Each structure stands twice: as C-alpha cells, then as structure tokens.
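Secondary and tertiary structure notes
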Amino acid sequence: MSKVIVITGSNSGIGKETALELAKRGHTIVMVCRNEERGKKAQEEIIQITGNENVYLMICDLSSFDSVKRFSEEFRNQFGYLDVLINNAGTMTYEREVAKDGFELHFQVNYLSPFLLTNLLLDCIRPNGRIINLSSMAHRTGNIYFNDINLEKDFSMLKAYAQAKLAIILFTHSLAKQLKDKNITVNCVHPGVIISNLGIYNDKKVLRRILQRLKWMFSSPKKGAETVIYLVDADEVSNITGEYFYHKRVRKSSILSYDEEIEKKLWDKTLEWLSPWL
Ligand SMILES: NC(=O)c1ccc[n+]([C@@H]2O[C@H](COP(=O)([O-])OP(=O)(O)OC[C@H]3O[C@@H](n4cnc5c(N)ncnc54)[C@H](OP(=O)(O)O)[C@@H]3O)[C@@H](O)[C@H]2O)c1
C-alpha cells in the first residue's frame, strides 16, 4: 500500500537516502527542508531517479517553533493526513548556539521541535501509522540537565548532542505508552556511524580534518537509512512500539532512558516550554 511519508531534513545524508528509497517503492514523500534551494535540488534528483512524481517539498526550520507551527498548518491544509512521520533532521555544532526561541540549538532542533511537530501532526496520522525518531548511540553518555537545560554553565558539543538524543528516546517511550490503544507505533533508531554533512558546517578546522581522516570508519548514508526504511515498511514491526533499533534489531538503550521519573518530568517540562505553540 502506498503511504504518505513525511521526512524532515531529507535534502541530504540519511534523510535523502530514506526519501530516495521510499520514493522508489512508490510512496508519496513529503520532504521537509529548511532551505528551499537545497530542498528543490534533492527533490528534483529524487523525482528524476525514481520517476515518482509524488515527491513534494515543504519548508520548515526546526530552529523556530513558529516555523514548525506554520509548516504543520500548511501540511494539514495541503495533505490532511499522513501514515509515517520520520523525525530525521538533526544538527551538531561545536560552539554553543541559541535558537530563535531561546533554547540551546541541539535541544531545540534535535528534540523540542520534533516533539512539537509530532504533537501538532498526531491527529493527522492514519491508523497503522508509524513515527520514527532518529536518535544516536551518543545518547548513552547523555543526561537531562534540568538545572541547566540550555547548558549555559557548561557546554560541550557532545554533552548537548547526547542530552537531545537521550531526550528523544524518553519522548519515544512516553509517546508509545500514550498511543498504545491508538494503533500508531513510535520507535527510535541509531543509524550507525555515517559519513554525512552532520557537523561539517562547523569551523573547527582541526576537528573537521580528523573527521575526514577517519572517514574509513564511517558507513554510507544509504546504509544509515536501512533501519529507518525497515521501520517504515516491514510487516514484522507493525506491532512493535517504544523501542530503540540498531541494524534492524531491537536493542537496549541507556539505563537513564528507562527512568520513568525523568521521562515524566521531561514530558511535563516540555509541555510547559512549548505551551504557546501547542
Ligand atoms: N551521521 C551519523 O553518524 C549519525 C549517527 C547517529 C545519528 N544520526 C542522526 O541522523 C539524522 C540525520 O543526520 P545525517 O547524518 O544524515 O546528517 P546531515 O546530512 O547533516 O542531515 C541532516 C539534515 O537535517 C537538516 N537540518 C539541520 N538543521 C535543521 C533545521 N534547523 N531545520 C530543519 N532541518 C535541519 C539538514 O538540513 P541542511 O542541509 O539545510 O543543513 C539536513 O537535511 C540526524 O538526526 C542525526 O543526529 C546521525
């Protein structure tokens, strides 16, 4: 059955490979990108390769909650429903940056905005729908720093990235419980260590050079997309929810990610932070 699939950050890396393969399989793809030019280029390439004309581009910048809200309204008007939401877009910055709404950039782009987008689109997801959140094995070093959520006192890229990727797993666990009787699954994925654009816009030349040298350790974006595509289409996962996948298998995520007290506190705080947009 052809599905309507929304993929954030689908103009490059894992998201683009995911869009390409799912378009090949005949699904309707809504590419959600922040940059019109980069988005259009990828959209045209995917249509040209697959011959699938049902590949659409919509603009949304996850570093702005207004943009997420605007996009969800435009999507609702244009499509009305979806079957799969892939929260793929992500960022990694060496310097501490603050998004338009005052939150530390990793926390907003990699966690708060996917939370907002998912909740705003939830009632458009059809029965048997699937939500897939891109996490990372980096979450294992993470914690939720409720007393310094924007890492103003002590920032490092890995600390910020790990906090956000742990937060999206806690969100996955919470949402899975809430959707238990709704016939919608929600899972998260570690895609592997993938060579992509993640982090390349940073100016720390030394780190960039190290990453270039270590290229051989990385897998391709196509490989990184495999588990995501599996979660979209495979029948055997249709009833699996609230899990963390790696290499198409359920894995245990970190001990903290199963802490129900942290999970509830984060959910409640997030609702508070996002209340003007929800
Ligand atoms: N690469 C890895 O080894 C690895 C490992 C674990 C998890 N992941 C996760 O996998 C996902 C995909 O990453 P990737 O490796 O494919 O990286 P990528 O090539 O950099 O792709 C990231 C995508 O997110 C988009 N994006 C970034 N900031 C955005 C914003 N503010 N609003 C909207 N879109 C935004 C980017 O758009 P632009 O092109 O406009 O920047 C791009 O399309 C991310 O969530 C990442 O954290 C990756």
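This text gives an overview of the structure that appears in the document. (Residues numbered from 1 in each chain as written. Predicted model: local features only at pLDDT ≥ 70, side-chain atom pairs only at ≥ 80, totals over all residues. Heavy atoms only, no water.)

Description of the side chain of threonine 18
- With respect to the helices, strands and loops of the structure, threonine 18 is situated in helix 1 (residues 13–24).
- Threonine 18 has contacts with Ile7, Ile86, Ala225, Val228 and Ile229, leaving out every residue within four places of it along the chain. (Helix = DSSP H or I, 4+ residues; strand = E, 2+ residues; numbered from the N terminus. Contact = heavy atoms within 4.5 Å.)

Focus: unusual backbone geometry
- The backbone of asparagine 183 sits at a positive phi, close to 65 degrees, despite the residue not being glycine.
- Among the secondary structure elements, asparagine 183 is positioned in the loop between helix 5 (157–178) and strand 6 (184–189).
- For asparagine 183, a relative accessible area of 41% translates into the label partly exposed.
- Phi angles above zero are rare outside glycine, and lysine 248 is one such case at about 65 degrees.
- With respect to the helices, strands and loops of the structure, lysine 248 is situated in the loop between strand 7 (244–246) and strand 8 (249–251). (Buried < 20%, exposed > 50% of the residue type's maximum accessible area, 1.4 Å probe, protein only.)

What about helix 3 (residues 65–78)?
- In this model, helix 3 (14 residues) spans 20 Å end to end at C-alpha, consistent with the 20 Å of a helix rising 1.5 Å per residue.
- Listed as buried for helix 3 are Phe65, Ser67, Val68, Phe71, Ser72 and Phe75. Buried residues along helix 3 cover an arc of 155 degrees about the axis, so they all sit on one side.
- For helix 3, the elements touching its buried residues are strand 1 (4–8), strand 2 (28–33), strand 3 (55–59), strand 4 (82–87), helix 4 (105–121) and helix 8 (260–274). (Expected span 1.5 Å × (residues − 1). Arc of directions from axis to C-beta.)

A closer look at the site of the ligand
- With respect to spatial proximity, 29 residues lie near the ligand, and among them Arg34, Arg38, Asn88, Tyr161 and Ser196 are the closest.
- One of the side-chain nitrogen or oxygen atoms of arginine 38 is found 2.7 Å away from an oxygen atom of the ligand.
- Between an oxygen atom of the ligand and a main-chain N or O atom of glycine 192, the distance comes to 3.5 Å.
- Summarising the interface, the protein chains cover 96% of the accessible area of the ligand, which totals 900 Å² for the free molecule.
- Of all elements in the fold, only helix 1 and helix 5 reach the threshold of two or more residues within the shell around the ligand.
- Residue classes in the shell around the ligand are distributed as 12 nonpolar, 13 polar and 4 charged. (Near = heavy atom within 4 Å. Polar contact = N/O pair within 3.5 Å; in protein donor to acceptor, adjacent residues only side chain to side chain. Areas by Shrake-Rupley, 256 points an atom, 1.4 Å probe, with all protein chains shown as cover. Nonpolar A, V, L, I, M, F, W, Y, C, P; charged D, E, K, R; others polar.)

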